[in-house]
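# Commentary on secondary and tertiary structure
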Amino acid sequence: MIIELDARSLPPVDSVGGKARNLILLRKHGLAVPPGFCLTCAAYDRHVNDRLADPLQELQKAKKTGRPKILARIQRLITEPAIDSRLAEELLKYYTELKAPLMAVRSSATAEDQVRLSFAGQFETILGVSSFEGLQTAVKNCWASLWSERAYEYGRKNGLAAASLKLAVIIQEQVPADFAGVVFTRDPGTGRSDRLVIEYVPGLGDKLVSGHAAPDRVTVAKRSGRISETQASDRGLDPGIIKKISRQAIRIEKKFGGPQDIEWAVAGKKLFFLQT
C-alpha cells in the first residue's frame, strides 16, 4: 500500500494519482525531487472500508442545502477512526527510514491536474509535520479533503461521480526553502509558448499557492534565456538560479510532451521540484 518515489516501475494514475505519478516521472528523468513515498489509493480504500456506504447514498439524493451536513459527516468518518493497524505498521517503517526532521504531506487525487479537471488547490497539503502521530493525522486530513464541500461541488459540476474519485497521499522530506514558486512553460497571461514565467516568494511556497502573498515575477525568453520582464523586489532570485530553473523547466516540458506548471523550491544553491 506504499510506493517509494524512486520506484523502478511507473504506477498507474488510478493507483497513486496524477501528482505522485508525475513526481516519480521527474525522478526517473533525473530531476531533483525531495525523498519520500506515497500511500496508494489502496490505503485510502482500506481506511474507509464500507463505512461511507450509507452517507454516500444519502448524498446522491440530497439537495444542495443538505449536502454540507452529509459531507461533514463523511469527513468525520475518515478523520476520527484510527488508521488500520497493518497500514500504520507499514507507514511507521517508511516514516522511520525517511529520517526527515520535517515532512510535507500532500494529496494526490486520481482526477487531479488534468486538462479538463484540475481541482487546483482543493485538496489538503500539510507542512511542518514532525512526528509519527502528526503524520497519521495529516494523512487522514488529506483523505478527508476529498469530501470538502468545494471539491465535491466542483466534481459534481463537471459530471464526476464522487465515489469514483480516490486519493493517494505523498509524504516527503520538507525542503527548508529560501525561495519557492512556480514556473509556467507557457505564459499564463498571454498564452505565448516562447517564454517562461517564474513567480516566487521567500520561504515556503504555501503563501503563493494560497494567494496570501504577492509573488515576484520574472519572464524569460526560452530561446535566448534573456530576462525580458521583471516584477521583483530587493529579495530577488539569484540570476544563476533563474537560469537553472529555466533550463530545467524547458527540459521537463519536453519530457512531458506539453506545457507544464511546475512547483519548485530553492535551499541554498540546490533546486528541487515539488510538482508538475
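Residues numbered from 1 in each chain as written. Predicted model: local features only at pLDDT ≥ 70, side-chain atom pairs only at ≥ 80, totals over all residues. Heavy atoms only, no water.

Under the definition given, this model contains five aromatic pairs. With centroids separated by 5.5 Å and ring planes inclined at 40°, the aromatic side chains of tyrosine 95 and phenylalanine 132 adopt a geometry described as tilted. One end of the pair, tyrosine 95, is in helix α5 (residues 85-98); the other, phenylalanine 132, is in helix α6 (residues 132-145), and 37 residues separate them in sequence. What makes phenylalanine 132 buried here is its relative accessible area of 18%. (Phe/Tyr/Trp six-rings, centres within 6.5 Å; stacked < 30°, edge-to-face > 60°. Helix = DSSP H or I, 4+ residues; strand = E, 2+ residues; numbered from the N terminus. Buried < 20%, exposed > 50% of the residue type's maximum accessible area, 1.4 Å probe, protein only.)

Here the focus is unusual backbone geometry. The backbone of asparagine 49 sits at a positive phi, close to 50°, despite the residue not being glycine. For asparagine 49, the location among the structural elements is in the loop between α2 (41-48) and α3 (53-61). Judged by its relative accessible area of 61%, asparagine 49 falls in the exposed class. Even without glycine at this site, lysine 99 takes up a positive phi of about 55°. Summarising the element assignment, lysine 99 is placed in the loop between α5 and β3 (103-109). The exposure class assigned to lysine 99 is exposed, which follows from its relative accessible area of 70%.

The next point concerns the sheet that holds strand β10 (residues 261-267). Whether parallel or antiparallel, the strands of a sheet pair through hydrogen bonds between backbone atoms. What the six strands build is an open sheet, ordered β9-β8-β7-β6-β10-β11; its pairing is antiparallel. The open sheet has two free edges, formed respectively by β9 (227-231) and β11 (270-275), since each of these has just one partner strand. On average, each strand axis in the sheet is inclined to that of its neighbour by 20°, with strand direction left out of account. Bridging between strand β6 (residues 179-184) and strand β7 (residues 195-202) involves six bridges; their strand directions are antiparallel. By the bridge assignment for β7, glycine 181 is matched with tyrosine 200. (Pairing = 2+ DSSP bridges. Axes fitted to C-alpha atoms, helices over the stretch in contact; angles between N-to-C directions.)

Glancing now at the environment of leucine 56. Topologically, leucine 56 is positioned in helix α3. For the pair leucine 56 and alanine 162, spaced 106 residues apart in the sequence, the C-alpha separation amounts to 8.5 Å. Those residues in contact with leucine 56 that lie beyond four places of it in its chain are Ile74, Trp147 and Ala163. (Contact = heavy atoms within 4.5 Å.)

Okay, the layout of surface pockets next. Quantified by volume, the second largest pocket comes out at close to 270 Å³. Taken together, 18 residues line the second largest pocket, and the ones lying closest to its centre are Tyr152, Leu160, Ala161, Ala162 and Ala163. When residues of the lining of the second largest pocket are traced back to their parent elements, those giving at least two are α3 and α7 (149-157). Taken together, the residues of the lining of the second largest pocket break down into 13 nonpolar, three polar and two charged. (1 Å grid on protein atoms, 1.4 Å probe; cavity = no way out; pocket = protein on both sides within 12 Å on 5 of 7 lines; lining within 4 Å. Points joined across faces, edges and corners; volume = space filled by probe spheres on them. Nonpolar A, V, L, I, M, F, W, Y, C, P; charged D, E, K, R; others polar.)

Attention now goes to the nonpolar core. In this structure, Leu39, Leu135, Trp143, Trp147 and Ile171 are the most contacted members of the largest nonpolar core, which totals 42 residues. Elements with a contribution of two residues or more to this core: β2 (36-39), α2, α4 (67-79), α5, β3, α6, α7 and β5 (167-173). Broken down by element, the residue count for this core peaks at seven residues, all from α6. Not counting chain neighbours up to four residues away, the residues in contact with tryptophan 143 comprise Leu39, Ala43, Tyr44, His47, Ile78, Ile83, Leu87, Leu167 and Val169. Membership of the second largest hydrophobic core comes to 33 residues, among which are Val218, Ile250, Val266 and Phe273. (Core = buried A, V, L, I, M, F, W, Y, C linked by side-chain atoms within 4.5 Å.)

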